[in-house]
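# Chain and residue survey
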Amino acid sequence: MPKFYYLAFIIKACLICSSAQGQKLKYKDIFPELDAKNYEVALPKLEAFLAEPKNSDHPNGNYQMAIYYDQIVDKSHLIKDSTAILEASAKALEYFTKAKEYITEKELKKNDDFYQSFYRRDLRTGEFGIKISDVHLDIEKKIESMEALQKYGKEIFKKLQLANKSNAFCTAAYKNLFQRFESYNDLLLMVGEPQIDTLKEMADRESIMKDAFDDVRRAVSKIGKKGYSPELNLVAIETYGVDGLTEVDVFQNDVEAWEYGEWAYGVVKKIEGEIGELRTQLLAFDKKIKKENESLKGLEDIAFETLTHEIDPYIVEKLADLDEDPLPVDLFMIQIKKNEYDFMVNPERNTRIGNLDDVDFQLMFTDSLVSVLELMEKDVAKLQENYVLQGQKKYTNFIKNQYGGDFGILKIRKAYEEFFANSKEKWIMLNREYTERAKWGIAEDESDTIFLDVVADSLKADLSVDEDLVAANYTVAIDRDDESNIYVVGIDKKNVGKGFVAMVSNARKIVWKEPFELGRFTYNDSTELVKGKFVPSQEGKLTAYVYTSAKNLKKVNLSSNLVVVNADKVGQVAWTNEIVAKNEPVEVKFNELVKETVLYMMTEEEMESAGPEDTAYYVIDRSGKLR
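Residues numbered from 1 in each chain as written. Predicted model: local features only at pLDDT ≥ 70, side-chain atom pairs only at ≥ 80, totals over all residues. Heavy atoms only, no water.

### Some words on the sheet that holds strand β17 (residues 617–620)
The three strands are arranged β15-β16-β17 in an open sheet whose pairing can be described as antiparallel. Whereas interior strands pair on both sides, the edge strands pair on one side only; in this sheet they are β15 (587–591) and β17. Sheet twist, expressed as the mean angle between neighbouring strand axes with direction ignored, is 15°. Sheet analysis places strand β16 (residues 596–600) next to β17, joined by four bridges and oriented antiparallel. Its bridge partner lying in β17, L599 is registered against Y618. (Pairing = 2+ DSSP bridges. Helix = DSSP H or I, 4+ residues; strand = E, 2+ residues; numbered from the N terminus. Axes fitted to C-alpha atoms, helices over the stretch in contact; angles between N-to-C directions.)

Put into structure tokens, the structure is as follows:
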């Protein structure tokens, strides 16, 4: 019975006792109400009766008082009515103990009407009656039950309070972490020692909570009280910031609590393992590339290929999983590009930069240098204050120890901005100069120029093209050798009917230029493409062709649209051949054994269905004879 009922009885008892003052109470008048369980009427009288010193040891009076409190215990919930049940069980224990002492054989014989609930047949003798042993055995069981309730009930409440306190700590700690670190990855990267200590305590608190519930279940089994059988089910936290935010009532029968401890243990394990290893790798890689830069300032023999040009794949992969825009990546790439830049502009390490006539190298060199500077500039531009501050929160020790914190990085950005302002434009201008220079082959005396910027199938044989762009020569095709010499085949725009073959050095000087006859070669001077190609040839020789569409032929018998020319690499033209072709060769091969050039005019599949009037290929022998 809840505590407030008990208080109501006390108040009512006082009122009845007050009205009954001066009136002598007799137990035989109270017992019928007690036996009928009419405690509202009987209990105040019984309490008043026992309150008299001469009645305090009344056997059945004490027994009935114990029965009353025993019924309160039986009707109360172990957890919901915890205070009332402990008080009632204490009272029941007190009165049952007295009753056992006071109920004797004499009492049973004298007042057997009070103990009719124990009237039963003796299985041994077959006689009906009331046995003192039955009465005492029942009371002893009641005493044991009340003692257990007193002993284990208090333990249950104590352990439940401990479980509740542990769960409340974990809930509050988890919510605080989520308020501070919005994403799980931020949590992994940003937590410091205080938060790690909290995570470890969450794991300990969950163990305490589980142990407390085990103790509660054991204690409940000792009491044997029905209506409360606690079960603890821990629910895994799978989605950070979604799971784990709801409150839990640990005092209900079936408790579903968030598994904070296992989650916290997993976080700590990941931080101390995977994140710890990543931090070690970040530090090691940063030291490595900075050491490379220091080595470049000394006399150590270092090849460009041995420099670090990419971030360690392990670091890239791990950072990509944790951070959408990791600051260390930008810092690493800036240093990597700075190392490349320092190597490239150092004349003692990059000896070719002093050769200003090495046009191909200078063009490649300045292209690469400008690209390196642009990539550096792009990464440096990201080093704005908010970005750096956020990055420092994620990689605190790394940024502090390797870069002097956020202030150190902002100083680095300023230094690089000054560096770009002083250096970048110089290299851009030099790159533009060599880009333009690479397009032209120029005679030693500057009397002739050849435009070298040819893109296949894009130039038209348009004689009205700007003279300043292509000069007097229309380049049809180019080829290169291993020594960066450029070979050119084209049309002489100022000498009708003439083509030319030329060799241009890497310094873009025309080494030699030899004309050849175009003969009957006809092309439209405004609309159609003139194409050309260098094809396989004998060692030390050059073979190329010039082609225009058959649509340009004026008269089949008087015009050609394909001219093949052969020359050696010192500028002597060996032979030319004119051909009237329906199409450009699909493939050209050189037969080393017989020194013949074969121009295939159709594919193998087309050859299978070709008619007698179709020409599948042309063969030019070593002397230049066409068949």
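Now, onward.
### Digging into the pattern of salt bridges
Scanning all chains against the criterion turns up 32 salt bridges. In this structure, R217 and D214 form a salt bridge, with 2.4 Å as the shortest nitrogen-oxygen distance. One end of the pair is R217 and the other is D214, both in helix α9 (residues 193–223) and three residues apart, which spans about a single turn. Look at R217 and you get partly exposed, because its relative accessible area is 29%. Overlapping salt bridges bring together K159, D215 and R218 as one network. (Salt bridge = Lys/Arg side-chain N within 4 Å of Asp/Glu carboxyl O. Buried < 20%, exposed > 50% of the residue type's maximum accessible area, 1.4 Å probe, protein only.)

### Observations concerning the confidence of the model for the protein
Interpretation of the predicted coordinates at a detailed level should be avoided for regions scoring low in pLDDT. In the predicted model, the protein carries a mean pLDDT of 88, and the fraction of residues at 70 or more is 91%. In the model, residues 1–11 has pLDDT below 50 throughout and makes 21 contacts with residues more than four positions away in sequence or in other chains. Segment residues 455–466: pLDDT under 50, and 28 contacts once partners within four positions in sequence are set aside and those in other chains are kept. (pLDDT = per-residue confidence, 0-100. Contact = heavy atoms within 4.5 Å.)

### Details of a positive patch on the surface
On the surface, K24, K26, K28 and K54 cluster together into a patch of positive charge. As for its position among the elements, K28 is in helix α2 (residues 27–35). (Patch = residues over 30% accessible without salt bridge, like charges linked within 9 Å, V, L, I, M, F, W, Y side chains within 5 Å. Areas by Shrake-Rupley, 256 points an atom, 1.4 Å probe, with all protein chains shown as cover. Lys, Arg positive; Asp, Glu negative; His and termini not counted. Charge placed at Lys NZ, Arg CZ, Asp CG, Glu CD.)

### Some thoughts on the pairing of strand β12 (residues 541–548)
With seven of its eight residues buried, β12 lies for the most part within the structure. With six bridges connecting them, strand β11 (residues 530–535) and β12 associate as antiparallel partners. Looking at β12, one finds that V530 is bridged to T548. The turn linking β11 back onto β12 is made up of five residues, and G540 within it adopts a positive phi angle of 85°.

### What to know about the sheet that holds β12
Spatially, β11-β12-β13-β14 is the arrangement adopted by the four strands of the open sheet, whose pairing is antiparallel. The two strands at the open ends of the sheet, each matched to only one other strand, are β11 and β14 (573–579). Averaged over neighbouring strand pairs, the angle between their axes works out to 15° when direction is ignored. Bridge count for strand β13 (residues 562–568) against β14 is six bridges, and the pairing is antiparallel. Counterpart to V565 in the pairing with β14 is T576.

### Description of a negative patch on the surface
Where like charges cluster on the molecular surface, the negative patch consists of E604, E605, E606 and E608. Within the secondary structure layout, E606 lies in helix α18 (residues 604–608).

### Some thoughts on the packing of helix α13 (residues 359–381) against helix α16 (residues 405–437)
Running from amino to carboxyl end, α13 crosses α16 at an angle of 150°, the nearest separation of the two axes being 9 Å. What the angle tells us is that α13 and α16 run roughly antiparallel. For α13 against α16, the interelement crossing comes out left-handed. (Parallel < 35°, antiparallel > 145°, perpendicular 65-115°, else oblique. Left-handed = near helix turned anticlockwise from the far one by under 90°.)

### So, the side chain of K338
By the secondary structure assignment, K338 is in helix α12 (residues 327–344). Classification of K338 by relative accessible area gives buried; the value is 18%. Not counting residues up to four positions away in its chain, the partners in contact with K338 are N293, M376 and Y416.

### A word on helix α5 (residues 82–102)
Think of an α-helix as 3.6 residues a turn; residues three or four steps apart then line up on the same face. If you check α5, its first and last C-alpha atoms are 30 Å apart, about what 21 residues at 1.5 Å a residue would give, namely 30 Å. When α5 is considered as a whole, its buried residues turn out to be S82, A84, I85, L86, A88, S89, A92, L93, Y95, F96 and A99. (Expected span 1.5 Å × (residues − 1).)

### So, the environment of A219
Inspection of the secondary structure assignment puts A219 in helix α9. The buried category is assigned to A219, whose relative accessible area is 2%. A219 sits 67 residues away from Y152 along the chain, and the two C-alpha atoms are 5.3 Å apart. Look past the residues within four positions of A219 in its chain and what remains in contact with it is Y152, E155 and I156.

### Description of unusual backbone geometry
The phi angle at K37 is positive, at roughly 60°, despite the residue not being glycine. By the secondary structure assignment, K37 is in the loop between α2 and α3 (39–51). If you check the backbone angles, E446 has positive phi at about 65° while not being a glycine. Along the chain, E446 turns up in the loop between β5 (440–442) and β6 (449–451). By relative accessible area, which is 63% here, E446 ends up exposed.

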